[in-house]
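# Descriptive structure summary
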Amino acid sequence: TRTTFVNRRLASIYNIPAPKDEGFGMVNLPEYEPRRGVLGHVSFLALQSHPVGTSATLRGLFIREKLLCGVVPSPPTELNTAIPEPGPEAITLKQRLIVHMEDPNCGGCHSLVDPIGFGLENFDGLGRYRVMDSTATIDPSGELDGEPFDDFGDLAERIANHRDFASCFVEHAYAYANGHQRATGERDLVSDLTDRFVADGLRVKPLLRLIALSRGFRQVEGAE
């Protein structure tokens, strides 16, 4: 969706007119930006950034772990995780991370997340849309598990159609609604919820209704 809610301060970050003088109001985000959905919200983009700039790694890590339920190993304790400083051949963050991935000690983990995060590089560390990083034009292309994408909008489609997205989303929604991780005896229930989520076109509101009406939400079962 391109619909969200903003106050005057958020409207200035989104570079759109504020719908109300005070408090929050509903807006439709402009078509000329690729921004849409939760991953285009300033809340997500700013949180998954560093205090002084953007982070393709943090953003890609969130997508890999929270939306696709993937596992990314932690870096070795004594490993230097600093990325190269900007130089003539590596100006943008993407170019610097590509150099960083050439290090065999870093490439294994970074290759799981950075190519995903590249799709969000058109948004700076605060979540504002941009086309330049320093003096170079941003290239927001990347790949998700062998599926290339051109920009953020393309990445969003790759995530939605990913083999692990629906089941991962339902797992998290079910756990949040019930206040605990799925138990062994709830596997079939969550699998059925996933099938219905897919059949409903990945629509969130019908999923939440199904969870609230499910046996797992309404009944307390003994520990297994």
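Above this text is the structure in question.
We now turn to the structure provided with this report.

Parameters at a glance
- Residues numbered from 1 in each chain as written.
- Predicted model: local features only at pLDDT ≥ 70, side-chain atom pairs only at ≥ 80, totals over all residues.
- Heavy atoms only, no water.
- Helix = DSSP H or I, 4+ residues; strand = E, 2+ residues; numbered from the N terminus.
- Contact = heavy atoms within 4.5 Å.
- Axes fitted to C-alpha atoms, helices over the stretch in contact; angles between N-to-C directions.
- Parallel < 35°, antiparallel > 145°, perpendicular 65-115°, else oblique.
- Left-handed = near helix turned anticlockwise from the far one by under 90°.
- Nonpolar A, V, L, I, M, F, W, Y, C, P; charged D, E, K, R; others polar.
- Salt bridge = Lys/Arg side-chain N within 4 Å of Asp/Glu carboxyl O.
- Expected span 1.5 Å × (residues − 1).
- Bend = angle between axes of the 7 residues up to and from the residue.
- Buried < 20%, exposed > 50% of the residue type's maximum accessible area, 1.4 Å probe, protein only.
- Core = buried A, V, L, I, M, F, W, Y, C linked by side-chain atoms within 4.5 Å.
- Disulfide = S-S within 2.5 Å.

### Looking at the side chain of Asp124
Along the chain, Asp124 falls in the loop between helix H5 (104–117) and strand E3 (132–133). Ignoring any residue separated from it by four or fewer positions in sequence, one finds Asp124 in contact with Ser49, Thr54, Arg59 and Arg130.

### A few points about the packing of helix H8 (residues 187–199) against helix H9 (residues 204–213)
It is the contact of H8 with H9, at a shortest axis distance of 9 Å, that shows an interaxial angle of 155 degrees. When the interaxial angle is binned, H8 and H9 end up roughly antiparallel. Regarding H8 and H9, the two cross each other, and that crossing is right-handed. Contacts between H8 and H9 involve Leu193, Arg196 and Phe197 from the former and Val204, Leu207, Leu210 and Ile211 from the latter. Here the contact of H8 with H9 is composed, by residue class, of 6 nonpolar, no polar and 1 charged.

### Description of the pattern of salt bridges
Inspection of the entire model under this criterion finds 10 salt bridges. Through salt bridges with shared partners, one network takes in Arg64, Asp145 and Arg163.

### Some remarks on H5
Taking 1.5 Å as the rise per residue, H5 with 14 residues should run 20 Å; its terminal C-alpha atoms sit 20 Å apart, in good agreement. By the largest-angle criterion, His110 marks the main kink of H5, which is about 60 degrees. The set of residues buried in H5 consists of Cys106, Gly107, His110, Val113, Asp114, Pro115, Ile116 and Gly117. Each element contacted by the buried residues of H5 is listed here: helix H3 (56–67), helix H4 (93–101), strand E5 (142–144), strand E6 (147–149) and helix H6 (152–160).

### What about the nonpolar core?
Judged by nonpolar contacts, the single largest core of 26 residues is most densely connected at Leu39, Ile63, Leu120, Leu155, Ile159 and Leu193. For this core, the elements supplying multiple residues, two or more each, are helix H2 (42–47), H3, H6, helix H7 (165–178), H8 and H9. The element that contributes the greatest number of residues to this core is H7, accounting for 5 residues. Residues in contact with Leu120, not counting those within four places in the same chain, are Leu39, Phe44, Leu45, Arg59, Ile63, Phe152 and Leu155.

### Structural notes on the state of the cysteines
A covalent bond between the sulfur atoms of two cysteines is what we call a disulfide. Considering all chains together, one arrives at 1 disulfide under this definition. Put simply, Cys69 and Cys168 are joined by a disulfide, and their sulfur atoms are 2.1 Å apart. Every disulfide takes its handedness from the sign of the S-S torsion; for Cys69 and Cys168 that torsion is 85 degrees, giving right-handed. A residue pair is termed long-range when its members are at least 10 positions apart, and Cys69 in the loop between H3 and H4 and Cys168 in helix H7 qualify at 99 residues. Classification of Cys69 as partly exposed rests on a relative accessible area of 38%.

### Things to note about H7
Residue pairs three or four apart in sequence face the same way in an α-helix, which turns once every 3.6 residues. Taking 1.5 Å as the rise per residue, H7 with 14 residues should run 20 Å; its terminal C-alpha atoms sit 20 Å apart, in good agreement. Among the residues making up H7, those that are buried are Phe165, Ala166, Cys168, Val170, Ala173, Tyr174, Ala175 and Asn178. In this fold, the buried residues of H7 make contact with H3, H6, H8, H9 and helix H10 (215–218). One or two steps after H7, the chain reaches Gly179, where phi turns positive at roughly 75 degrees.

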